[in-house]
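Structural characterization, general
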Amino acid sequence: MRDKLLFAGLFAVGLAILGASWWNLNAVSAQTTEVPADHDGPVMVIEVAGEANGTLRVALRDDLAPNHVERIVTLAESGAYDGVVFHRVIEGFMAQTGDVEHGRADGNPRFWGMGGSDLPDLAAEFTDEDFARGVVGMARSQNPNSANSQFFIMFAPAPHLNGQYTVVGQLIDGYDVLDAIKRGTGGNGAVVGEPDRMARVTIER
């Protein structure tokens, strides 16, 4: 009898774990934007180091923003993104990185997020795509045509960004790594101490 009760208890726990896993997978799917099944564009692979350790894989949406995707590919393939920190990370909102000018760990934290690259700024390529969980958008100043090298990855949906920023990609693998990125403090999400960083960024075609 005791063995039967133990088995029944373990079986119930197993079902609960499976159910929780199914719910989590569906919760993530419900909050994310689907990459088209026929997507054959480049994939950005980001090796993250710090409090978060692992790999982010981003399907770059050259069907939505060809010029912005070309910029990301150019910078990644030149090694410009390697070692750049996640300088602005806001819980429940997004993680921002990509300042290839000032944004390395050995640079001055006061200037993180204030630079771009030595390439010209880009004209906006706004679309109707939702800023859902896992969406990657290009950061910019108040000028809509000022995106350059910085980008951000959404922790959660942010409808107020829709049509206001250029969508360049969608996270397709590494949500656990995304969620582990070290958070910043204060209203602007500035990271204090040692930030997480993009140790290496490559492109798969």
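Structure report, in brief. (Residues numbered from 1 in each chain as written. Predicted model: local features only at pLDDT ≥ 70, side-chain atom pairs only at ≥ 80, totals over all residues. Heavy atoms only, no water.)

Scanning the model with the defined rule gives three aromatic pairs in all. Measuring from ring centre to ring centre gives 5.9 Å for Phe 131 and Phe 152, while their planes differ by 20°; the resulting arrangement is stacked. Of this pair, Phe 131 sits in the loop between strand 5 (94-97) and strand 6 (135-138) while Phe 152 sits in strand 7 (residues 151-154), and the two are 21 residues apart along the sequence. On the basis of relative accessibility, which here comes to 1%, the residue Phe 131 falls in the buried class. The exposure class of Phe 152 is buried, given its relative accessible area of 5%. Ring-pair connections join several aromatic residues into one group, and the members of that group are Phe 131, Phe 152 and Tyr 165. (Phe/Tyr/Trp six-rings, centres within 6.5 Å; stacked < 30°, edge-to-face > 60°. Helix = DSSP H or I, 4+ residues; strand = E, 2+ residues; numbered from the N terminus. Buried < 20%, exposed > 50% of the residue type's maximum accessible area, 1.4 Å probe, protein only.)

Let's shift gears to the pairing of strand 9 (residues 197-204). Taken together, the seven bridges between strand 1 (residues 43-49) and strand 9 define a ladder with antiparallel strand orientation. Paired with Glu 47 across the two strands is Arg 200, which belongs to strand 9. Pairing geometry for strand 3 (residues 84-85) and strand 9, over two bridges, is antiparallel. Counted as the bridge partner of Val 85 is Arg 197 from strand 9. (Pairing = 2+ DSSP bridges.)

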